[in-house]
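Okay, here's what each chain looks like letter by letter:
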Amino acid sequence: MVAGPDVGHAHGVTELVASKVTKRYGSTTVLDRVDLVVHAGEVVALTGENGAGKSTLMKICAGLTRADDGEVTVGGRIGYCPQIPGLFELLTADDHLVMFGRAADLDRAESLRRGHEILAEFDYPLHEKRVTRDLSGGTRQKLNLALALLADPSVLLLDEPYQGFDRGTYVNFWNHCETWRGQGKAVVVVTHMLAELERADRVIELQAHPSRSAAGDER
Amino acid sequence: MSSLRRILIMAEMHGRDLTRRHAALGLLVALPLAFYLASRGSGDQSVVAGGVGMAFSVSGATLFSILSSTEVDQRLVLAGYRPLELLLGRVFFLAPLGTVIAVAFSTVMVVGSQPTRPWLTFLGVEAVALLSIPFGLAVGAAVPRELEGTLVLIGVVGMELAVGPDSAVAKVLPFYGPQQLISSSLSEAGPIVGPLLLTALYGLGLLFLARLFVARRVDVTRHARTV
(Lines give C-alpha, C1' and ligand atoms only; values in the text may rest on other atoms or scores of the structure.)
Protein backbone atom coordinates (compact mmCIF):
# COMPACT_ATOMS: atom_id res chain seq x y z
CA MET A 1 0.00 0.00 0.00
CA VAL A 2 1.32 3.41 -0.94
CA ALA A 3 0.28 6.10 1.52
CA GLY A 4 1.14 8.97 -0.76
CA PRO A 5 3.04 9.65 -3.88
CA ASP A 6 6.51 11.10 -3.71
CA VAL A 7 5.79 14.20 -5.76
CA GLY A 8 9.16 15.78 -5.18
CA HIS A 9 9.55 19.22 -3.69
CA ALA A 10 11.17 22.54 -4.35
CA HIS A 11 13.78 22.01 -1.61
CA GLY A 12 14.66 18.59 -2.97
CA VAL A 13 16.28 17.21 0.20
CA THR A 14 14.53 14.12 1.49
CA GLU A 15 14.16 14.24 5.28
CA LEU A 16 11.96 11.24 5.99
CA VAL A 17 11.51 8.01 4.07
CA ALA A 18 9.29 5.19 5.30
CA SER A 19 9.46 2.28 2.95
CA LYS A 20 7.10 -0.73 2.87
CA VAL A 21 6.32 -0.33 6.57
CA THR A 22 4.19 -3.15 7.94
CA LYS A 23 2.80 -3.47 11.44
CA ARG A 24 0.58 -6.17 12.87
CA TYR A 25 -0.95 -6.56 16.30
CA GLY A 26 -1.78 -10.25 16.58
CA SER A 27 -3.89 -11.18 13.58
CA THR A 28 -4.76 -7.56 12.85
CA THR A 29 -2.71 -5.79 10.22
CA VAL A 30 -2.57 -2.08 11.00
CA LEU A 31 -0.11 -1.01 8.31
CA ASP A 32 0.59 -3.02 5.18
CA ARG A 33 3.64 -1.99 3.15
CA VAL A 34 3.07 1.74 3.64
CA ASP A 35 5.42 4.20 1.95
CA LEU A 36 5.87 7.79 3.04
CA VAL A 37 8.39 10.32 1.77
CA VAL A 38 8.64 13.85 3.16
CA HIS A 39 11.05 16.51 1.96
CA ALA A 40 12.65 19.47 3.69
CA GLY A 41 10.33 22.48 3.60
CA GLU A 42 7.22 20.39 3.15
CA VAL A 43 4.07 20.10 5.26
CA VAL A 44 2.24 16.80 4.85
CA ALA A 45 -1.19 16.22 6.37
CA LEU A 46 -1.88 12.61 7.32
CA THR A 47 -5.57 11.76 7.45
CA GLY A 48 -7.65 8.61 7.59
CA GLU A 49 -10.45 6.94 9.49
CA ASN A 50 -10.07 5.63 13.03
CA GLY A 51 -7.87 2.56 13.04
CA ALA A 52 -6.14 3.42 9.78
CA GLY A 53 -2.79 3.38 11.57
CA LYS A 54 -1.91 7.09 11.50
CA SER A 55 -0.58 7.19 15.06
CA THR A 56 1.19 3.86 14.59
CA LEU A 57 2.92 5.16 11.48
CA MET A 58 4.00 8.29 13.37
CA LYS A 59 5.36 6.22 16.25
CA ILE A 60 7.26 3.97 13.85
CA CYS A 61 8.72 7.00 12.09
CA ALA A 62 9.71 8.46 15.48
CA GLY A 63 11.29 5.14 16.50
CA LEU A 64 8.96 4.55 19.44
CA THR A 65 7.34 1.47 17.91
CA ARG A 66 9.15 -1.22 15.96
CA ALA A 67 7.79 -2.11 12.52
CA ASP A 68 7.39 -5.78 11.67
CA ASP A 69 8.74 -5.11 8.24
CA GLY A 70 10.00 -2.23 6.13
CA GLU A 71 12.45 0.50 7.03
CA VAL A 72 12.60 4.16 7.94
CA THR A 73 15.42 6.60 7.26
CA VAL A 74 15.60 10.19 8.49
CA GLY A 75 17.67 13.22 7.56
CA GLY A 76 18.25 14.60 11.04
CA ARG A 77 16.85 15.07 14.52
CA ILE A 78 13.21 14.09 15.04
CA GLY A 79 10.76 16.14 17.07
CA TYR A 80 7.74 14.08 18.06
CA CYS A 81 4.58 15.49 19.61
CA PRO A 82 2.29 12.66 20.80
CA GLN A 83 -1.48 12.92 20.78
CA ILE A 84 -1.63 12.66 24.57
CA PRO A 85 1.03 14.74 26.35
CA GLY A 86 3.41 12.51 28.25
CA LEU A 87 4.46 14.83 31.05
CA PHE A 88 5.48 14.55 34.69
CA GLU A 89 2.36 15.59 36.61
CA LEU A 90 4.22 17.37 39.42
CA LEU A 91 6.85 19.21 37.39
CA THR A 92 6.44 22.69 35.95
CA ALA A 93 6.89 23.73 32.34
CA ASP A 94 10.35 25.09 33.20
CA ASP A 95 11.34 21.76 34.77
CA HIS A 96 10.31 19.97 31.58
CA LEU A 97 12.20 22.43 29.38
CA VAL A 98 15.39 21.99 31.40
CA MET A 99 15.05 18.19 31.40
CA PHE A 100 14.33 17.86 27.68
CA GLY A 101 16.88 20.53 26.79
CA ARG A 102 19.60 18.60 28.60
CA ALA A 103 18.85 15.60 26.35
CA ALA A 104 20.07 17.75 23.46
CA ASP A 105 23.04 19.02 25.51
CA LEU A 106 21.49 22.45 26.04
CA ASP A 107 22.34 24.07 29.35
CA ARG A 108 19.65 25.29 31.72
CA ALA A 109 19.66 28.91 30.55
CA GLU A 110 19.57 28.01 26.87
CA SER A 111 16.79 25.46 27.39
CA LEU A 112 14.67 28.05 29.18
CA ARG A 113 15.45 30.78 26.65
CA ARG A 114 14.50 28.62 23.68
CA GLY A 115 11.54 27.04 25.45
CA HIS A 116 10.06 30.36 26.59
CA GLU A 117 10.45 31.73 23.09
CA ILE A 118 8.46 28.81 21.62
CA LEU A 119 5.85 28.88 24.38
CA ALA A 120 5.39 32.63 24.00
CA GLU A 121 4.62 32.12 20.31
CA PHE A 122 1.70 29.93 21.36
CA ASP A 123 0.51 32.36 24.06
CA TYR A 124 1.51 30.07 26.90
CA PRO A 125 0.97 31.80 30.27
CA LEU A 126 4.68 32.01 31.17
CA HIS A 127 4.04 33.94 34.37
CA GLU A 128 2.26 30.91 35.84
CA LYS A 129 4.65 28.46 37.44
CA ARG A 130 2.10 25.75 38.06
CA VAL A 131 2.82 22.05 37.80
CA THR A 132 1.45 20.40 34.66
CA ARG A 133 -1.27 18.55 36.60
CA ASP A 134 -2.92 21.91 37.27
CA LEU A 135 -2.79 23.13 33.67
CA SER A 136 -5.70 23.04 31.23
CA GLY A 137 -5.61 20.45 28.43
CA GLY A 138 -4.78 23.06 25.81
CA THR A 139 -1.98 24.56 27.90
CA ARG A 140 -0.46 21.13 28.49
CA GLN A 141 -0.62 20.55 24.77
CA LYS A 142 1.30 23.79 24.14
CA LEU A 143 4.06 22.52 26.40
CA ASN A 144 3.93 19.16 24.65
CA LEU A 145 4.45 20.90 21.31
CA ALA A 146 7.24 23.10 22.69
CA LEU A 147 9.14 20.02 23.91
CA ALA A 148 8.98 18.57 20.40
CA LEU A 149 10.40 21.80 18.98
CA LEU A 150 12.99 22.53 21.66
CA ALA A 151 16.03 20.90 20.03
CA ASP A 152 15.26 22.47 16.64
CA PRO A 153 14.52 19.18 14.85
CA SER A 154 14.60 18.86 11.07
CA VAL A 155 11.69 16.38 11.06
CA LEU A 156 8.52 17.24 12.97
CA LEU A 157 6.01 14.47 13.62
CA LEU A 158 2.87 16.00 15.12
CA ASP A 159 0.05 13.65 16.11
CA GLU A 160 -3.07 15.83 16.40
CA PRO A 161 -1.04 18.41 18.30
CA TYR A 162 -3.81 21.00 18.61
CA GLN A 163 -6.11 19.01 20.95
CA GLY A 164 -7.60 21.43 23.43
CA PHE A 165 -6.35 24.52 21.60
CA ASP A 166 -8.74 27.45 21.43
CA ARG A 167 -9.61 28.82 18.01
CA GLY A 168 -6.91 31.48 18.04
CA THR A 169 -4.14 29.07 19.03
CA TYR A 170 -5.38 26.56 16.47
CA VAL A 171 -5.08 29.11 13.66
CA ASN A 172 -1.74 30.16 15.08
CA PHE A 173 -0.58 26.53 14.94
CA TRP A 174 -1.26 26.30 11.21
CA ASN A 175 0.48 29.64 10.70
CA HIS A 176 3.49 28.11 12.42
CA CYS A 177 3.39 25.15 10.06
CA GLU A 178 4.08 27.65 7.31
CA THR A 179 6.94 29.14 9.32
CA TRP A 180 8.45 25.68 9.87
CA ARG A 181 8.07 24.98 6.17
CA GLY A 182 10.00 28.19 5.49
CA GLN A 183 12.72 27.06 7.86
CA GLY A 184 13.15 23.92 5.78
CA LYS A 185 11.67 21.46 8.27
CA ALA A 186 9.83 18.35 7.11
CA VAL A 187 6.48 18.43 8.90
CA VAL A 188 3.93 15.63 9.18
CA VAL A 189 0.64 16.51 10.90
CA VAL A 190 -1.96 13.90 11.74
CA THR A 191 -5.26 15.71 11.41
CA HIS A 192 -8.99 15.27 11.07
CA MET A 193 -9.58 18.98 10.41
CA LEU A 194 -10.55 19.06 6.77
CA ALA A 195 -10.84 22.86 6.72
CA GLU A 196 -7.09 23.28 7.11
CA LEU A 197 -5.95 20.64 4.65
CA GLU A 198 -5.38 23.27 2.00
CA ARG A 199 -2.57 24.64 4.13
CA ALA A 200 -0.61 21.44 3.71
CA ASP A 201 1.53 20.79 0.65
CA ARG A 202 0.23 17.26 0.40
CA VAL A 203 -2.58 15.32 1.97
CA ILE A 204 -2.09 11.61 2.47
CA GLU A 205 -5.06 9.49 3.40
CA LEU A 206 -4.38 6.18 5.09
CA GLN A 207 -6.98 3.52 4.48
CA ALA A 208 -7.81 1.05 7.25
CA HIS A 209 -6.53 -2.38 6.32
CA PRO A 210 -9.34 -4.87 5.50
CA SER A 211 -8.21 -7.05 8.41
CA ARG A 212 -9.33 -4.34 10.81
CA SER A 213 -12.92 -4.22 11.98
CA ALA A 214 -14.83 -0.98 11.49
CA ALA A 215 -15.06 -0.57 15.25
CA GLY A 216 -11.33 -0.99 15.78
CA ASP A 217 -9.52 1.30 18.14
CA GLU A 218 -7.22 4.01 16.93
CA ARG A 219 -3.66 2.82 17.27
CA MET B 1 30.61 14.75 31.37
CA SER B 2 27.39 15.40 29.48
CA SER B 3 26.17 11.98 30.59
CA LEU B 4 26.75 12.91 34.24
CA ARG B 5 24.91 16.18 33.69
CA ARG B 6 21.94 14.30 32.27
CA ILE B 7 21.94 11.93 35.25
CA LEU B 8 22.07 14.85 37.68
CA ILE B 9 19.23 16.66 35.92
CA MET B 10 17.10 13.53 36.12
CA ALA B 11 17.98 13.16 39.81
CA GLU B 12 16.99 16.79 40.40
CA MET B 13 13.67 16.36 38.58
CA HIS B 14 12.79 13.17 40.46
CA GLY B 15 13.61 15.05 43.63
CA ARG B 16 11.32 17.91 42.70
CA ASP B 17 8.56 15.50 41.77
CA LEU B 18 8.73 13.50 44.99
CA THR B 19 9.10 16.47 47.32
CA ARG B 20 5.85 17.84 45.91
CA ARG B 21 4.12 14.61 46.96
CA HIS B 22 3.77 15.51 50.63
CA ALA B 23 1.56 12.59 51.60
CA ALA B 24 3.92 10.12 49.94
CA LEU B 25 6.88 11.62 51.76
CA GLY B 26 5.04 11.32 55.07
CA LEU B 27 4.24 7.69 54.38
CA LEU B 28 7.86 6.98 53.48
CA VAL B 29 8.77 7.75 57.07
CA ALA B 30 5.57 6.57 58.74
CA LEU B 31 5.47 3.09 57.24
CA PRO B 32 8.64 1.60 58.74
CA LEU B 33 7.91 3.44 61.98
CA ALA B 34 4.49 1.77 62.09
CA PHE B 35 6.13 -1.65 61.56
CA TYR B 36 8.54 -0.99 64.37
CA LEU B 37 5.98 0.35 66.84
CA ALA B 38 3.45 -2.37 66.04
CA SER B 39 5.97 -5.11 66.77
CA ARG B 40 7.48 -3.63 69.91
CA GLY B 41 5.72 -6.27 71.99
CA SER B 42 7.84 -8.97 70.35
CA GLY B 43 11.05 -7.70 71.95
CA ASP B 44 14.22 -7.41 69.92
CA GLN B 45 12.53 -8.68 66.77
CA SER B 46 10.81 -5.31 66.44
CA VAL B 47 14.14 -3.89 65.26
CA VAL B 48 14.32 -6.51 62.50
CA ALA B 49 10.67 -5.93 61.53
CA GLY B 50 11.13 -2.17 61.46
CA GLY B 51 14.36 -2.40 59.49
CA VAL B 52 12.94 -4.70 56.87
CA GLY B 53 9.78 -2.57 56.82
CA MET B 54 11.97 0.16 55.35
CA ALA B 55 12.02 -1.96 52.20
CA PHE B 56 8.30 -1.35 51.72
CA SER B 57 8.60 2.41 51.71
CA VAL B 58 11.82 2.89 49.72
CA SER B 59 11.14 0.22 47.11
CA GLY B 60 7.53 1.45 46.88
CA ALA B 61 8.72 4.98 46.11
CA THR B 62 11.19 3.62 43.57
CA LEU B 63 8.57 1.42 41.95
CA PHE B 64 6.20 4.33 41.56
CA SER B 65 8.88 6.61 40.14
CA ILE B 66 9.56 4.16 37.32
CA LEU B 67 6.00 3.03 36.57
CA SER B 68 4.42 6.47 36.57
CA SER B 69 6.66 7.77 33.82
CA THR B 70 7.06 5.10 31.17
CA GLU B 71 5.71 7.30 28.36
CA VAL B 72 7.82 10.28 29.37
CA ASP B 73 10.86 8.05 29.71
CA GLN B 74 10.51 6.79 26.16
CA ARG B 75 10.18 10.36 24.93
CA LEU B 76 13.26 11.36 26.90
CA VAL B 77 15.20 8.53 25.25
CA LEU B 78 13.98 9.74 21.87
CA ALA B 79 15.18 13.22 22.82
CA GLY B 80 18.68 11.92 23.61
CA TYR B 81 18.86 10.28 27.05
CA ARG B 82 20.25 6.77 27.42
CA PRO B 83 18.05 4.33 29.39
CA LEU B 84 20.90 3.86 31.89
CA GLU B 85 20.98 7.63 32.53
CA LEU B 86 17.27 7.59 33.38
CA LEU B 87 17.88 4.69 35.75
CA LEU B 88 20.89 6.28 37.43
CA GLY B 89 19.05 9.58 37.74
CA ARG B 90 16.57 7.82 40.01
CA VAL B 91 19.36 6.08 41.95
CA PHE B 92 21.20 9.39 42.48
CA PHE B 93 18.12 10.91 44.06
CA LEU B 94 16.72 7.94 45.94
CA ALA B 95 20.01 6.77 47.50
CA PRO B 96 20.61 9.98 49.51
CA LEU B 97 16.92 10.16 50.39
CA GLY B 98 16.91 6.53 51.54
CA THR B 99 20.05 7.19 53.57
CA VAL B 100 18.52 10.16 55.36
CA ILE B 101 15.39 8.18 56.23
CA ALA B 102 17.46 5.16 57.28
CA VAL B 103 19.64 7.26 59.62
CA ALA B 104 16.65 8.98 61.18
CA PHE B 105 14.74 5.75 61.59
CA SER B 106 17.75 3.84 62.93
CA THR B 107 18.23 6.56 65.55
CA VAL B 108 14.65 6.06 66.72
CA MET B 109 15.15 2.29 66.95
CA VAL B 110 18.52 2.53 68.69
CA VAL B 111 17.07 4.88 71.30
CA GLY B 112 13.89 2.82 71.67
CA SER B 113 15.34 -0.70 71.67
CA GLN B 114 18.99 -0.20 72.66
CA PRO B 115 20.55 -2.97 70.54
CA THR B 116 23.91 -4.42 71.63
CA ARG B 117 25.78 -3.10 68.60
CA PRO B 118 23.92 0.06 67.51
CA TRP B 119 26.33 0.84 64.67
CA LEU B 120 25.31 -2.43 63.08
CA THR B 121 21.64 -1.42 63.28
CA PHE B 122 22.53 1.72 61.32
CA LEU B 123 24.45 -0.38 58.78
CA GLY B 124 21.69 -2.97 58.42
CA VAL B 125 18.91 -0.44 57.97
CA GLU B 126 21.05 1.51 55.51
CA ALA B 127 21.61 -1.75 53.59
CA VAL B 128 17.83 -2.27 53.45
CA ALA B 129 17.33 1.27 52.14
CA LEU B 130 20.03 0.98 49.47
CA LEU B 131 19.00 -2.50 48.33
CA SER B 132 15.38 -1.36 48.09
CA ILE B 133 16.30 0.95 45.22
CA PRO B 134 17.56 -1.65 42.70
CA PHE B 135 14.81 -3.98 43.94
CA GLY B 136 12.11 -1.36 43.23
CA LEU B 137 13.72 -0.51 39.89
CA ALA B 138 13.88 -4.14 38.79
CA VAL B 139 10.28 -4.88 39.81
CA GLY B 140 9.04 -1.61 38.31
CA ALA B 141 10.80 -2.24 35.04
CA ALA B 142 9.60 -5.84 34.80
CA VAL B 143 5.88 -5.44 35.51
CA PRO B 144 3.42 -3.52 33.33
CA ARG B 145 1.53 -1.51 35.98
CA GLU B 146 1.56 -0.26 39.58
CA LEU B 147 -0.89 -2.90 40.82
CA GLU B 148 1.26 -5.83 39.69
CA GLY B 149 4.37 -4.13 41.02
CA THR B 150 2.81 -3.46 44.42
CA LEU B 151 1.66 -7.06 44.69
CA VAL B 152 5.15 -8.37 43.91
CA LEU B 153 6.59 -6.00 46.49
CA ILE B 154 4.10 -7.02 49.16
CA GLY B 155 4.74 -10.67 48.34
CA VAL B 156 8.53 -10.53 48.58
CA VAL B 157 8.88 -8.22 51.57
CA GLY B 158 5.91 -9.83 53.31
CA MET B 159 7.50 -13.25 52.89
CA GLU B 160 10.76 -11.82 54.22
CA LEU B 161 8.96 -10.80 57.43
CA ALA B 162 6.84 -13.91 57.71
CA VAL B 163 9.37 -16.72 57.32
CA GLY B 164 11.94 -17.53 59.98
CA PRO B 165 15.55 -16.46 59.31
CA ASP B 166 16.72 -20.09 59.31
CA SER B 167 14.34 -21.32 56.62
CA ALA B 168 15.62 -22.10 53.13
CA VAL B 169 13.19 -19.61 51.58
CA ALA B 170 14.51 -16.74 53.70
CA LYS B 171 18.04 -17.32 52.45
CA VAL B 172 17.16 -16.68 48.81
CA LEU B 173 15.05 -13.58 49.41
CA PRO B 174 16.69 -10.26 48.53
CA PHE B 175 16.68 -8.70 51.99
CA TYR B 176 18.19 -11.71 53.77
CA GLY B 177 21.61 -10.02 53.95
CA PRO B 178 20.39 -6.79 55.58
CA GLN B 179 18.08 -8.78 57.81
CA GLN B 180 21.11 -10.76 59.05
CA LEU B 181 22.99 -7.53 59.72
CA ILE B 182 20.15 -6.12 61.80
CA SER B 183 19.84 -9.42 63.70
CA SER B 184 23.60 -9.36 64.35
CA SER B 185 23.24 -5.92 65.89
CA LEU B 186 21.11 -7.43 68.64
CA SER B 187 23.93 -9.58 70.07
CA GLU B 188 27.69 -9.59 70.54
CA ALA B 189 28.15 -12.23 67.85
CA GLY B 190 26.70 -12.65 64.39
CA PRO B 191 27.87 -12.45 60.79
CA ILE B 192 28.75 -9.12 59.17
CA VAL B 193 30.97 -9.61 56.12
CA GLY B 194 28.90 -12.40 54.56
CA PRO B 195 25.58 -10.48 54.73
CA LEU B 196 27.33 -7.35 53.42
CA LEU B 197 28.67 -9.24 50.41
CA LEU B 198 25.32 -10.88 49.80
CA THR B 199 23.62 -7.46 49.88
CA ALA B 200 26.14 -6.05 47.42
CA LEU B 201 25.73 -9.01 45.07
CA TYR B 202 21.94 -8.81 45.20
CA GLY B 203 22.08 -5.06 44.60
CA LEU B 204 24.30 -5.36 41.55
CA GLY B 205 22.25 -8.25 40.18
CA LEU B 206 18.98 -6.37 40.60
CA LEU B 207 20.48 -3.25 39.04
CA PHE B 208 21.60 -5.31 36.06
CA LEU B 209 18.09 -6.77 35.72
CA ALA B 210 16.56 -3.31 35.96
CA ARG B 211 18.91 -2.09 33.24
CA LEU B 212 17.80 -4.95 30.95
CA PHE B 213 14.09 -4.41 31.55
CA VAL B 214 14.25 -0.61 31.30
CA ALA B 215 16.15 -0.78 28.02
CA ARG B 216 13.41 -3.00 26.63
CA ARG B 217 10.59 -0.85 28.01
CA VAL B 218 11.83 2.49 26.69
CA ASP B 219 13.46 1.11 23.56
CA VAL B 220 13.75 3.64 20.73
CA THR B 221 14.82 2.65 17.24
CA ARG B 222 17.54 4.91 15.91
CA HIS B 223 16.78 5.11 12.20
CA ALA B 224 19.51 5.16 9.60
CA ARG B 225 20.21 8.52 8.02
CA THR B 226 18.89 9.33 4.55
CA VAL B 227 21.69 9.68 2.03
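Refer to the preceding data block for the structure.
Just so it is clear, the model here is predicted, and its values are computed rather than measured.

About the thresholds
- Residues numbered from 1 in each chain as written.
- Chains lettered and ligands numbered in written order.
- Predicted model: local features only at pLDDT ≥ 70, side-chain atom pairs only at ≥ 80, totals over all residues.
- Heavy atoms only, no water.
- Salt bridge = Lys/Arg side-chain N within 4 Å of Asp/Glu carboxyl O.
- Buried < 20%, exposed > 50% of the residue type's maximum accessible area, 1.4 Å probe, protein only.
- Pairing = 2+ DSSP bridges.
- Helix = DSSP H or I, 4+ residues; strand = E, 2+ residues; numbered from the N terminus.
- Expected span 1.5 Å × (residues − 1).
- Bend = angle between axes of the 7 residues up to and from the residue.
- Contact = heavy atoms within 4.5 Å.
- Polar contact = N/O pair within 3.5 Å; in protein donor to acceptor, adjacent residues only side chain to side chain.
- Core = buried A, V, L, I, M, F, W, Y, C linked by side-chain atoms within 4.5 Å.
- Buried area = accessible area lost by both parts, 1.4 Å probe.
- Nonpolar A, V, L, I, M, F, W, Y, C, P; charged D, E, K, R; others polar.

What about the pattern of salt bridges?
Residues and elements named next belong to chain A.
Alright, step 1. The full count for this structure, using the stated rule, is 24 salt bridges over all chains.
Alright, step 2. Among the salt bridges present, the one from Arg130 reaches Glu128, with a minimum N-O distance of 2.5 Å.
Alright, step 3. The exposure class of Arg130 is partly exposed, given its relative accessible area of 38%.

Examining the sheet that holds strand S2 (residues 28–39) of chain A
Alright, step 1. Strand order in this open sheet of four strands is S2(A)-S1(A)-S4(A)-S1(B), and the pairing throughout is mixed. For this open sheet the edge positions go to S2 of chain A together with strand S1 (224–225) of chain B, each flanked by a neighbour on one side alone.
Alright, step 2. As paired elements, strand S4 (residues 69–74) of chain A and S1 of chain B share two bridges and run parallel to each other. Bridge pairing in S1 of chain B links Thr73 of chain A to Ala224 of chain B.

Let's talk about helix H2 (residues 22–38) of chain B
Residues and elements named next belong to chain B.
Alright, step 1. In this model, H2 (17 residues) spans 24 Å end to end at C-alpha, consistent with the 24 Å of a helix rising 1.5 Å per residue.
Alright, step 2. Of all the bends in H2, the largest measures some 25° and sits at Ala30, one to four residues before the proline Pro32.
Alright, step 3. Buried within H2 we find Leu28, Pro32 and Tyr36.
Alright, step 4. Where the residues of H2 are buried, they touch helix H1 (2–19), helix H3 (45–67) and helix H5 (83–113).

Brief notes about the side chain of Ser106 of chain B
Alright, step 1. Looking at the secondary structure, you find Ser106 of chain B in helix H5.
Alright, step 2. Within the local environment of Ser106 of chain B, its side chain forms a polar contact with the backbone oxygen of Ala102 of chain B, the two atoms lying 2.6 Å apart.

Quick word on the nonpolar core
Alright, step 1. Among the nonpolar cores identified, the biggest contains 124 residues, and Leu16, Met99, Leu157 and Phe173 of chain A are the most heavily contacted of them.
Alright, step 2. At 11 residues, H3 of chain B tops the list of elements feeding residues into this core.
Alright, step 3. Excluding anything up to four places from it in sequence, Met99 of chain A contacts Phe88 and Leu91 of chain A together with Ile9, Met10, Met13, Leu76 and Tyr81 of chain B.

Regarding the interface of chain A and chain B
Alright, step 1. The interface is formed by 38 residues belonging to chain A together with 30 residues belonging to chain B.
Alright, step 2. Both sides of the chain A and chain B interface together cover about 2900 Å² of buried area, and 57% of this is carbon and sulfur.
Alright, step 3. For the chain A face of the interface with chain B, the top three residues by lost area are Phe88, Leu90 and Arg102 of chain A, together amounting to 21%.
Alright, step 4. For the interface between chain A and chain B, the tally reads five salt bridges.
Alright, step 5. For the interface between chain A and chain B, the tally reads 15 residue pairs in polar contact (both at pLDDT 80 or more).
Alright, step 6. Broken down by secondary-structure element, the contributors of at least two residues to the side of chain A that touches chain B are strand S1 (14–25), helix H1 (54–62), S4, strand S5 (78–81), helix H2 (93–103) and helix H4 (137–149) of chain A.
Alright, step 7. Looking at the side of chain A that touches chain B, the element that brings in the most residues is H2 of chain A, giving six residues.
Alright, step 8. Considered class by class, the residues forming the side of chain A that touches chain B number 23 nonpolar, eight polar and seven charged.

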